[in-house]
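Chains, contacts and geometry: an overview
Here are the chains, one letter per residue:
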Amino acid sequence: MGCGRVGATLAQTLESNGHSVAVIDQNPEAFRRLDAEFGGNKVTGLGFDRDTLTQAGIEDAFGFAAVSDGDNSNILAARVVRETFGIENVVARIYDPHRAEIYQRLGIPTVATVRWTAHQVLRRMLPMGATDDYRDSSGQIQLAQVDVHEGWIGRPLRALESASGSRIAYLTRYGDGVLPTSDTVLQENDTVHVLLKADDAAFVERTLANAPAVTE
């Protein structure tokens, strides 16, 4: 929902990755931001209107991104999609960081900053795995954002490091960067950024994407 610069970029990125995409915007002129080759469905209407969502194919959707210019519209649409249509991979862009934190605590993933918006939305719509944030010049060491199984919540970061053989570089917690210590405990909705050897990426992803062993 929303065919501004972020929405148009997001839609075209998803399509280029082989996904079927529908874009909703109440202003039909907004679709001009899409490339002429864009083959997705363009629906004019309100993104929180059930008939509009149905027309866009929400009942068959894997994920939904609310990235219009209005905080209220985005959060309303996200709630309708999640609560009415049962779509789990939902994310809303919220300009007000204080409101974003509130909705994050209520279990609605939000993106509060313009920078990296499209990247972070993709991460929440297509979860599990690792995405490079940085690689050293040799390509052997990478800083990656890694999805972590909810079973690790409440455990100290040293447990994640011990199990995966990686190092937790930092966390993003409610939009703020956190430099952790070995005693820092993983909280719900934390985004984990890991330093690891490129050759070990698959092992680290697999380890952290699964629940920890009982003995850890």
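Just so we're clear, the structure is a prediction, and the values are computed from it rather than from any experiment. Every chain's residues receive numbers from 1 upward, in the order its sequence appears when written. Per-residue local features are limited, in this predicted model, to residues with pLDDT of at least 70; the limit for side-chain atom pairs, both in listing and counting, is 80 or more; totals at the level of whole chains, interfaces and linings are taken over all residues. The side-chain values count all of the structure's non-hydrogen atoms but skip hydrogen atoms and water molecules.

**Some details on the overall build of the protein**
Condition: Secondary structure elements are taken from DSSP: a helix is a run of H or I of four residues or more, a strand is a run of E of two residues or more, and numbering for both begins at the N terminus. The criterion used for residue contact is that any of the two residues' heavy atoms lie within 4.5 Å. For accessible areas, the Shrake-Rupley method is used with a probe of radius 1.4 Å. Any residue's cover is judged against the shown protein chains and nothing else.
Along the backbone of the protein there are seven helices and ten strands. Once local pairs closer than 6 in sequence are excluded, the contacts in the protein between residues at least 24 apart make up 53%. When the accessible area of the protein is evaluated, it comes to approximately 11,900 Å², of which 47% is carbon and sulfur surface.

**Points about unusual backbone geometry**
The phi torsion of most residues other than glycine is negative, and most of the peptide bonds are trans. Located in the positive-phi region is Y174, a residue other than glycine, with phi close to 55°. Looking at the element boundaries, Y174 is found in the loop between β8 (167-173) and β9 (176-178). Despite not being glycine, N189 has its phi angle at roughly 75°, a positive value. Relative to the helices and strands, N189 is located in the loop between β9 and β10 (191-197).

**Observations concerning the pairing of β8**
Counted only if it meets this: Criterion used throughout: strands pair if DSSP finds at least two bridges between them.
In terms of strand pairing, β8 meets β10 through five bridges, oriented antiparallel. Counterpart to I168 in the pairing with β10 is V194. Where β8 and β9 come together, three bridges link them in antiparallel fashion. Each bridged residue has a counterpart across the sheet, and for L171 the counterpart in β9 is V178. Linking β8 back to β9 in an antiparallel pair, the connection comprises two residues, with Y174 at a positive phi of about 55°.

**A look at the nonpolar core**
We apply this condition: What is meant by a nonpolar core is a set of buried Ala, Val, Leu, Ile, Met, Phe, Trp, Tyr and Cys residues, joined one to another through side-chain atoms within 4.5 Å. Exposure is judged per residue with a 1.4 Å probe applied to protein chains only, and the accessible area is read against the type maximum: over 50% gives exposed, under 20% gives buried, and values in between give partly exposed.
L53, I58, F64 and V81 are the most contacted members of the largest nonpolar core, which has 21 residues in total. Contributions of two or more residues to this core are made by α2 (50-56), β3 (63-66), α3 (71-85), β4 (89-93) and α4 (97-105). Sorting elements by how many residues they give to this core places α3 first, with six residues.

**Some words on the confidence of the model for the protein**
Reading fine detail from the predicted coordinates is not recommended where pLDDT is low. Defined as follows: As a per-residue measure, pLDDT tells how confident the predictor is, with possible values from 0 to 100.
Put simply, the protein has an average pLDDT of 87, and 88% of its residues get 70 or more. Mean pLDDT values for the elements of the protein range from 62 in helix α5 (residues 117-125) up to 98 in strand β1 (residues 22-25).

**Quick look at the packing of helix α6 (residues 157-164) against helix α7 (residues 201-209)**
Our working definition: The convention used is that axes are lines fitted to C-alpha atoms, helices contributing only their stretch in contact, and that angles between N-to-C directions extend from 0 to 180 degrees. Here is the rule for angles: anything less than 35 degrees is roughly parallel, anything more than 145 is roughly antiparallel, 65 through 115 is roughly perpendicular, and the remaining ranges are oblique. Crossing handedness is defined as follows: a turn of the near helix away from the far one that is anticlockwise and smaller than a right angle gives a left-handed crossing, while the clockwise case is right-handed.
Two elements in contact, α6 and α7, have axes whose closest approach is 9 Å; the angle formed by their N-to-C orientations is 135°. Classified by the angle their axes make, α6 and α7 are oblique. Of the two elements, α6 crosses α7, and the hand of that crossing is right-handed. Along the contact surface, α6 presents L160, A163 and S164, while α7 presents F203, V204, T207 and L208.

**Quick notes on the environment of V21**
Positionally, V21 belongs in the loop between α1 (5-16) and β1. Placed 17 residues apart in sequence, V21 and F38 show a C-alpha to C-alpha distance of 9.4 Å. Not counting residues up to four positions away in its chain, the partners in contact with V21 are A11, L14, E15, F38, G40 and N41.

**Focus: α1**
We apply this condition: A helix is expected to span 1.5 Å for every residue after the first.
The end-to-end C-alpha distance of α1 is 16 Å, a good match for the 16 Å that twelve residues give at a rise of 1.5 Å each. If you check which residues of α1 are buried, you get V6, G7, A8, L10, A11, Q12 and L14. Looking one or two places after α1, you find G18, whose phi comes out positive at around 95°.

**A word on α4**
Short version of the rule: Picture the helix axis, draw a direction to every C-beta atom, and the arc is the one those directions span.
All of the buried residues in α4 are A100, Y103 and Q104. Down the axis of α4, the buried side of the element spans an arc of 105°, and every buried residue falls inside it. Residues H98 and R105 are exposed on α4 and point more than 90 degrees away from its buried face. Contact partners of the buried residues in α4: α3 and β5 (110-111). A positive phi of about 90° marks G107, the residue just after α4.

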